[in-house]
Amino acid sequence: MLAMESERFFDLVRWGDAATVINKFYTEEGAKMNFLSGASFTANKNEYLPIPDEQYKAANGHYQQNCGQW
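This write-up is about the structure you can find in this document. Because the structure is a prediction, the values reported are computed rather than measured.

Conventions used here
- Along each chain, residues carry numbers from 1 onward, in the same order as the chain's sequence is written.
- Totals for whole chains, interfaces and linings use all residues, but because this is a predicted model, local features are given only for residues with pLDDT of at least 70 and pairs of side-chain atoms are given and counted only at 80 or more.
- Calculation of side-chain values draws on the structure's entire complement of heavy atoms; hydrogens and water are dropped beforehand.
- Counting from the N terminus, the helices are DSSP H or I runs at least four residues long and the strands are E runs at least two residues long.
- Note on exposure labels: buried denotes an accessible area under 20% of the residue type's maximum, exposed denotes more than 50%, and partly exposed covers the range between, all computed with a 1.4 Å probe on protein chains only.
- Any Lys or Arg side-chain nitrogen found within 4 Å of a carboxyl oxygen on Asp or Glu counts as a salt bridge.
- We call a set of buried Ala, Val, Leu, Ile, Met, Phe, Trp, Tyr and Cys residues a nonpolar core when their side-chain atoms join them within 4.5 Å.
- A helix is expected to reach a length of 1.5 Å times the quantity of its residues less one.
- To obtain the arc, one takes the directions from the helix axis to the C-beta atoms.

A few points about unusual backbone geometry
Positive phi, normally seen in glycine, also occurs at Asn44, with a value near 65°. Relative to the helices and strands, Asn44 is located in the loop between α2 (18-30) and α3 (53-58). The exposed category is assigned to Asn44, whose relative accessible area is 64%. The phi torsion at Asn60 lies on the positive side, around 50°, for a residue other than glycine. With a relative accessible area of 66%, Asn60 lands in the exposed category.

Looking at the pattern of salt bridges
In the structure shown here, the tally under the stated rule is 4 salt bridges. In this structure, the salt-bridge partner of Asp11 is Arg14, at a minimum N-O distance of 2.6 Å. Separated by 3 residues within a single helix, Asp11 and Arg14 lie in helix α1 (residues 6-15), roughly one turn from each other. Here Asp11 falls in the partly exposed class, since its relative accessible area comes to 24%. Looking at Arg14, the relative accessible area reads 58%, which means it is exposed.

Examining the nonpolar core
One finds Phe9, Leu12, Ala18, Ile22 and Phe41 forming the largest nonpolar core, which totals 5 residues. Among the secondary structure elements, those contributing two or more residues to this core are α1 and α2.

Re α2
Over its 13 residues, α2 runs 17 Å from end to end, which matches the ideal 18 Å to within 8%, given 1.5 Å per residue. Residues Ala18, Ile22, Glu29 and Gly30 constitute the buried set of α2. Each buried residue of α2 lies within a common arc of 100° when the element is viewed along its axis, so the set occupies one face. Turned more than 90 degrees away from the buried face of α2 sit Thr20, Lys24 and Thr27, all of them exposed.

This is the structure in structure tokens:
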């Protein structure tokens, strides 16, 4: 019931199942919806989100953005 909702995504990442479940979703739904055709989820890359700019600036150099790895 919570498939592909934001809470489900973080559970899948925590359990290590994100790539399998999301790529299966893209494969099945890509046949029905053209905008998903060719989409893929890459493990150890697509699990991470950039640090929001306000938090990055407020950290006074204690955070390092992972530029170029997205």
